[in-house]
Amino acid sequence: AKPWYCMTDTVILFAIKMKSHQIVEFSISEIVLSRNQERLQFHISKQLVWTRELKKDLVYSVFENFPIPFLYLHEEENDSYQVLDGQNRIATIVD
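Participant: When you look at the side chain of Lys17 in this model, what are you seeing that I'm missing?
Facilitator: Along the polypeptide, Lys17 turns up in strand β1 (residues 12-17). The buried charged residue Lys17 lacks any salt bridge partner; its closest oppositely charged side chain belongs to Glu75, at an N-O distance of 4.1 Å. Among the polar contacts listed, one links the side chain of Lys17 to the side chain of Tyr81, at a separation of 3.4 Å. What Lys17 contacts, discounting residues up to four positions off in sequence, is Gln22, Val24, Leu73, Glu75 and Tyr81.

And the structure:
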């Protein structure tokens, strides 16, 4: 298996843009970059609740190329997205 840092451009996560109903692809590096540039906004009333074990399971799933649930995003006017579903998955990837 490749080390985590080598997989950032090859592992693809899928997201659904709710306004346009488009399915888009994001590499892990794109998600990290978008989050760091604040283009992926978390809903402020939702808390991150994943345990260390759940985070490890997600990373394992990525390594093994298991399907990962879609991210659901609301498109904002300023070329950013409000994360409707997938906040814990994104936070785990960015961490």
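Next comes the rest of the description.
Participant: For this particular structure, what's the right way to read the side chain of Thr92?
Facilitator: Considering the arrangement of structural elements, one finds Thr92 in helix α3 (residues 87-94). Within the structure, Thr92 has its side chain in polar contact with the backbone oxygen of Asn88 (distance 2.8 Å). Those residues within four positions of Thr92 in sequence are excluded, and the remaining contacts are Trp50, Lys55, Leu58 and Val59.

Participant: What exactly am I supposed to notice about a nonpolar patch on the surface here?
Facilitator: A grouping of Phe14, Met18, Ile23, Phe70, Tyr72 and Leu84 is seen on the molecular surface, where their side chains present a nonpolar patch of about 490 Å² in accessible area. Inspection of the secondary structure assignment puts Phe70 in the loop between α2 (52-63) and β4 (71-75). We classify Phe70 as partly exposed; its relative accessible area is 31%.

Participant: What exactly am I supposed to notice about the pairing of strand β5 (residues 81-85) here?
Facilitator: Side-chain positions along a regular strand alternate between the two faces of the sheet. Pairing between strand β3 (residues 40-42) and β5: 3 bridges, direction parallel. Within β5, the residue paired with Leu40 across the bridge is Tyr81. Alignment of β4 against β5, held across 4 bridges, turns out to be antiparallel. Each bridged residue has a counterpart across the sheet, and for Leu73 the counterpart in β5 is Val83.

Conventions and cut-offs
Residues numbered from 1 in each chain as written. Predicted model: local features only at pLDDT ≥ 70, side-chain atom pairs only at ≥ 80, totals over all residues. Heavy atoms only, no water. Helix = DSSP H or I, 4+ residues; strand = E, 2+ residues; numbered from the N terminus. Buried < 20%, exposed > 50% of the residue type's maximum accessible area, 1.4 Å probe, protein only. Lys, Arg positive; Asp, Glu negative; His and termini not counted. Salt bridge = Lys/Arg side-chain N within 4 Å of Asp/Glu carboxyl O. Polar contact = N/O pair within 3.5 Å; in protein donor to acceptor, adjacent residues only side chain to side chain. Contact = heavy atoms within 4.5 Å. Patch = residues over 30% accessible without salt bridge, like charges linked within 9 Å, V, L, I, M, F, W, Y side chains within 5 Å. Areas by Shrake-Rupley, 256 points an atom, 1.4 Å probe, with all protein chains shown as cover. Pairing = 2+ DSSP bridges.

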